Amino acid sequence: MPATVLLRFLSTLWSAKPHLLVKKLDELAPVPSHTSTREDDEKDILNVAPLHGKQHSSNRASGKKKGHNWSIRKIPDDEDPEFWTSSPSRRKATRLSNFTGAAPVFLFIWTFYLHAQCILNIGYNGWSFSREVVVMGIFVCIEILRIALGIMDCACRLIAAIYPVWRPRYQLMGDNVPHIDVIVTCCHESLDIIQDTVLGALAVDYPQDHFRVVLTDDGASAIVREWASELKKPNLYYTARVKKGAGGYKAGNLNHAVQFIKALPGGPADFIAGLDVDMIPEKKWLRAVLPHLILDPKMGLVTPKQDFYNVPTDDPLFQSNQTAWAISDFVRDSLDCAWNSGSGYVLRRAALEEIGGFSTGSVTEDVYSSMLMLSKGWKSAYLAESLQFGLVPSSYLGHIKQRTRWNIGGIQLGSNFNCYLSKAHTGQLSLKQRLCGFWCFTSAWCHILDMVDLLIIPALPSGYNKLPGELEILIRLARVSCITTLTHWLHDCGRGWVVGYRTALRESGLQKYMTHYYGFSIIRSFILPRSLGGTKPGFRATGSISSSSYERCASRRAPFFSRVRHIVLGCGVWVHLLLTASYLFYSAWHVRHLVPRIASIDTIDQGKTAELIPWLEVSWLAPRLFKVLGICLTPLRYTLSPPNDPPRDKLMGKREQKTGARHPTNTARRIKWESWSIFDFEVLSSVMMVLNVYVLVKIWDM
């Protein structure tokens with residue numbers, strides 16, 4: 001009966017109509033009475049009156065003032081289909097992945113209960129203090145914290161699964177469109193990268209007299225300034241601030257551009273767009289994003305996902321970030337808490353001015369500023385549309401610095417909002433938004449637990465096989481351990497339905513091999529004092545981080561031993577090397593002592609116990625060994641055999657004769673998979689799952 005009720009409940013949730021953010025037009029913006037009638041095939045084109053009853057003066061470009069209505073067209077799913085948004089099956093898969101992501105939380109509670117039973121039996125039976133007892137106690141403490149954090153994760157994912165948000169796709173029509181200022185930030189990046197982004201921004205499908213591009217250069221490069229002036233584009237402006245100290249890093253650069261725009265002819269526009277200098281926008285970018293702000297006067301920010309065109313073949317460091325754009329950002333958007341991704345966004349100037357500009361209180365100024373807007377009552381939206389293509393870091397050093405900065409920024413964000421616990425510090429954030437913020441804040445701290453779990457050599461409780469009662473607990477514990485591992489794998493399979501099996505598993509692998517980087521950076525930034533090695537979190541533009549080894553450039557690559565020394569010693573891969581050696585040694589030691597231990601067991605049922613103990617050993621040891629090998633072999637293989645990135649020119653298409661812009665080729669926009677290897681993380685994970693199933697079957701009836 002309970003199983004039937006549960007199935008009916010889940011069926012009800014699954015069949016519930018998703019909360020689509022497609023509201024009636026008259027609920028969002030006034031529609032003028034003189035809206036013209038359309039033919040049946042043009043009914044999706046909507047005429048929208050200006051939100052404030054007037055248009056921004058355009059005397060800076062055309063000298064004319066227009067007051068016409070803005071036309072917005074809703075794009076059908078079958079027209080120019082988007083990988084993430086148009087497929088109903090992928091929408092179902094996204095919901096399913098959130099359901100499966102909540103399942104391991106309940107198994108964590110079961111595992112904690114069984115571990116607690118083992119600890120209590122130690123006291124009841126007077127067992128001696130041992131290494132196994134210490135390790136078991138640490139595991140119990142970790143699991144208590146994981147359960148608390150997992151409940152937050154479970155709640156957020158279930159809300160997103162039951163009430164998902166799918167943003168419709170729009171297109172702004174015609175030449176009568178809002179004015180907008182596009183800010184491109186740069187700081188010591190290569191000139192060719194700056195050129196492609198600026199020219200791409202100037203070539204977007206938008207009336208030239210309705211948008212301006214401001215190139216704000218924190219590097220104050222004379223070469224960049226000269227190139228910008230030589231273009232002689234009427235809607236391109238160059239500026240560089242005079243910095244005093246850090247100056248707010250990227251946030252300070254953005255704030256300088258905002259103030260610079262106020263002094264331009266015609267004054268500032270009502271909307272501001274931002275681009276990282278390595279992100280080339282698609283031509284439809286502004287026409288796809290602006291309608292969401294036009295239709296809802298309380299919408300303060302709209303941000304699209306980021307795609308990349310230089311991901312190496314087989315993505316050896318798992319840099320594509322597709323799982324985040326396809327699933328995690330959907331969860332946040334479903335909780336009314338979409339974050340500014342840092343590039344491709346469009347925001348309302350009024351919302352930015354209300355929070356005092358881009359915040360300098362975090363190394364992730366984009367996310368912090370968007371949360372401040374939400375706390376003032378503004379809305380935000382996430383678009384899963386491919387509207388920009390950029391560059392992933394081209395070195396191991398740049399990759400780990402970018403990832404750790406994002407994690408540090410998440411902790412700073414939660415600290416600035418007092419962990420989202422106090423209404424006095426969160427303003428107008430709703431309960432869902434505060435729950436989402438707390439979930440992201442605790443997830444950033446959770447890497448400390450992952451690091452402790454990873455660095456402690458797993459110790460099988462070999463002293464627990466003396467009494468039949470304890471053996472029964474260990475059998476149940478081994479079963480739960482296998483089932484928990486399988487549910488994690490099933491969750492990855494659910495995500496694989498959305499982004500592909502290899503990509504889904506590699507996202508898990510990314511978080512694991514980055515664990516000690518996250519952990520050490522948290523300790524140094526928030527726990528240790530300066531006298532003991534503590535540091536203040538800082539910002540450095542990812543595109544300006546260069547590596548002396550040039551490991552991905554075949555023509556400039558440093559000699560083998562120099563490259564290995566740089567990555568292993570300078571970038572912390574020695575930790576992965578040490579972990580691999582430790583786990584292999586521990587496994588060999590365990591196997592060597594397994595047979596003598598079985599032979600020395602003194603119980604009534606000698607045969608059953610002798611058969612049972614090896615499988616208990618395997619159920620504990622094998623998953624951890626395969627997990628560590630999969631984690632550590634990723635950076636080690638990269639160190640020994642880095643990918644060969646083609647020259648960036650080969651990834652780009654031909655320049656347009658009129659605008660000079662060029663965009664990534666269709667081939668470069670897709671991840672290239674060539675071969676499978678037994679050392680791939682996803683292969684080792686799959687082998688571990690097969691082993692888990694086999695062990696579970698063997699110990700189930702024992």
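Residues numbered from 1 in each chain as written. Predicted model: local features only at pLDDT ≥ 70, side-chain atom pairs only at ≥ 80, totals over all residues. Heavy atoms only, no water.

1. As for the overall build of the protein
Counting its secondary structure elements, the protein contains 23 helices and 11 strands. Going through the 702 residues of the protein one by one, you find that 57% of them count as buried. For the protein, restricting intrachain contacts to residue pairs at least 6 apart in sequence, the fraction spanning at least 24 positions comes to 81%. Accessible surface computed for the protein: about 30,600 Å², of which carbon and sulfur atoms make up 60%. (Helix = DSSP H or I, 4+ residues; strand = E, 2+ residues; numbered from the N terminus. Buried < 20%, exposed > 50% of the residue type's maximum accessible area, 1.4 Å probe, protein only. Contact = heavy atoms within 4.5 Å. Areas by Shrake-Rupley, 256 points an atom, 1.4 Å probe, with all protein chains shown as cover.)

2. Overview of the packing of helix α5 (residues 191-202) against helix α6 (residues 222-231)
Contact geometry of α5 with α6 gives a least axis separation of 11 Å together with a crossing angle of 30°. The handedness of the crossing between α5 and α6 comes out as right-handed. Of the residues in α6, those touching α5 at Leu191, Ile194, Gln195, Val198, Leu199 and Leu202 are Ile223, Val224, Trp227 and Leu231. (Axes fitted to C-alpha atoms, helices over the stretch in contact; angles between N-to-C directions. Left-handed = near helix turned anticlockwise from the far one by under 90°.)

3. Description of the environment of Glu656
Mapped onto the secondary structure, Glu656 falls in the loop between α22 (648-651) and α23 (681-700). Excluding anything up to four places from it in sequence, Glu656 contacts Ala203, Lys283, Ala661 and His663. Within the structure, the side chain of Glu656 is placed 3.1 Å from the side chain of Lys283, a separation counted as a polar contact. (Polar contact = N/O pair within 3.5 Å; in protein donor to acceptor, adjacent residues only side chain to side chain.)

4. Some points on the nonpolar core
Core analysis: the biggest nonpolar cluster contains 45 residues, and Leu347, Leu352, Phe358, Met371, Met373, Leu413 and Phe417 have the highest contact counts within it. The set of elements that each furnish at least two residues to this core consists of α4 (131-162), α7 (249-262), α10 (349-354), α11 (365-375), α12 (396-416) and α14 (431-445). Each residue touching Leu347, except ones within four places of it in the same chain, is listed here: Asp270, Phe271, Ile272, Gly300, Leu301, Leu352, Phe358 and Met373. By size, the runner-up hydrophobic cluster in this structure holds 44 residues, among which are Val177, Ile180, Leu286 and Met299. (Core = buried A, V, L, I, M, F, W, Y, C linked by side-chain atoms within 4.5 Å.)

5. Some points on the sheet that holds strand β6 (residues 236-239)
Read from one edge of the open sheet, 8 strands run β6-β5-β4-β7-β10-β9-β11-β8, paired in mixed fashion. Edge positions in the open sheet fall to β6 and β8 (280-281), since each of these has one partner strand only. For strand β4 (residues 180-186) and strand β7 (residues 271-276), the ladder comprises 6 bridges, and the chain directions are parallel. Within β7, the residue paired with Val182 across the bridge is Ala273. In the packing of α6 onto the sheet, contacts are made with β5 (211-217) and β6, and the angle to β6 comes to roughly 160°. Its contacts with the sheet put helix α9 (residues 322-334) on β9 (299-308) and β11 (379-390), and the angle it makes with β11 is roughly 160°. (Pairing = 2+ DSSP bridges.)

6. Here's the deal with the packing of aromatic side chains
Across all of its chains, the model carries 12 aromatic pairs by this definition. With centroids separated by 6.4 Å and ring planes inclined at 55°, the aromatic side chains of Phe318 and Phe681 adopt a geometry described as tilted. Residue Phe318 is found in the loop between β9 and α9, and its partner Phe681 is found in helix α23; the two are separated by 363 residues along the sequence. Each member of the pair Phe318 and Phe681 is classed as buried. Three or more aromatic residues link up through ring pairs in this structure, and these residues are Trp166, Phe330 and Tyr382. The side chain of Lys298 reaches across the aromatic face of Trp378, ending 4.5 Å from its centre. For Arg556, the ring lying beneath its charged end belongs to Tyr550, and the centroid distance is 3.9 Å. (Phe/Tyr/Trp six-rings, centres within 6.5 Å; stacked < 30°, edge-to-face > 60°. Lys NZ or Arg CZ within 6 Å of the ring centre and 35° of its normal.)

7. Comments concerning a nonpolar patch on the surface
There is a patch of nonpolar side chains on the surface, built from Phe560, Phe561 and Leu640 and spanning about 360 Å² of accessible area. Its location among the elements puts Phe561 in helix α19 (residues 560-570). (Patch = residues over 30% accessible without salt bridge, like charges linked within 9 Å, V, L, I, M, F, W, Y side chains within 5 Å. Salt bridge = Lys/Arg side-chain N within 4 Å of Asp/Glu carboxyl O.)

8. Re the environment of Lys698
For Lys698, the position within the fold is in helix α23. The spatial distance from the C-alpha of Lys698 to the C-alpha of Arg479 is 10.0 Å, given a sequence separation of 219 residues.

9. Observations regarding the pairing of β5
Within β5, 7 of the 7 residues are buried, which leaves it mostly tucked inside the rest of the structure. Taking every second residue as pointing to the same face, both faces of β5 are buried, with Phe211, Val213, Leu215 and Asp217 on one and Arg212, Val214 and Thr216 on the other. Pairing of β4 with β5 involves 7 bridges; the strand directions are parallel. Following the sheet pairing, Asp181 is matched in β5 by Arg212. Direction of pairing for β5 relative to β6: parallel, over a ladder of 4 bridges. The partner of Val213 across the bridge, within β6, is Leu236. Of the crossover connections in this fold, the one passing from β5 over α6 to the parallel β6 is right-handed. (Right-handed = clockwise from strand over helix to strand, strands pointing away.)

10. Quick word on α23
The terminal C-alpha atoms of α23 lie 28 Å apart, and with 20 residues this matches the ideal 28 Å at 1.5 Å per residue to within 8%. Along α23, the positions that sit buried rather than exposed are Phe681, Glu682, Val683, Leu684, Ser685, Met688, Met689, Asn692, Val695, Leu696 and Ile699. (Expected span 1.5 Å × (residues − 1).)

11. Overview of the pattern of salt bridges
A complete count under the given rule lists 27 salt bridges for this structure. Here Lys432 and Asp336 are joined by a salt bridge, their closest N and O atoms 3.3 Å apart. Of this pair, Lys432 sits in helix α14 while Asp336 is found in the loop between α9 and β10 (346-348), placing the two residues 96 residues apart along the sequence. Assessed through its relative accessible area of 32%, Lys432 is described here as partly exposed.

12. A word on unusual backbone geometry
With phi around 55°, Lys232 is a residue other than glycine that occupies positive phi space. Summarising the element assignment, Lys232 is placed in the loop between α6 and β6. One non-glycine residue, Asp336, lies in the positive phi region at around 60°.

13. A few points about the confidence of the model for the protein
When pLDDT is low, close inspection of the predicted coordinates is not appropriate. On average, residues of the protein carry a pLDDT of 79, and 75% of them reach 70 or more. Mean pLDDT in the protein bottoms out at helix α2 (residues 25-28), which sits at 35, and peaks at β8, which reaches 97. When the criterion is pLDDT under 50, residues 1-44 qualifies, and its contacts beyond four places in sequence or with other chains add up to 51 contacts. Scored below 50 in pLDDT, residues 49-67 makes 43 contacts in the model with residues more than four places away or belonging to other chains. (pLDDT = per-residue confidence, 0-100.)

14. A few points about the packing of helix α15 (residues 447-455) against helix α18 (residues 515-527)
In the contact formed by α15 and α18, the axes pass within 8 Å of each other and the chain directions differ by 120°. Looking at the two axes, α15 sits oblique to α18. Helix-helix and strand crossings are classified by hand; for α15 and α18 the assignment is left-handed. Side by side, α15 and α18 meet where His447, Ile448, Asp450, Met451 and Leu454 of the first sit next to Thr515, His516, Tyr518, Gly519, Phe520, Ile522 and Ile523 of the second. Tallied by class, residues from the contact of α15 with α18 come to 7 nonpolar, 4 polar and 1 charged. (Parallel < 35°, antiparallel > 145°, perpendicular 65-115°, else oblique. Nonpolar A, V, L, I, M, F, W, Y, C, P; charged D, E, K, R; others polar.)

15. Topic: α6
Among the residues making up α6, those that are buried are Val224, Trp227 and Ala228. Burial along α6 is one-sided: seen end-on, the buried residues are contained in an arc of 100°. Here the buried face of α6 lies against α5, β5 and β6. Two or three places before Ile223, at the start of α6, stands the capping residue Ser221, its side-chain oxygen 3.3 Å from that residue's backbone nitrogen. Once α6 ends, the next one or two residues include Lys232, with phi positive near 55°. (Arc of directions from axis to C-beta.)

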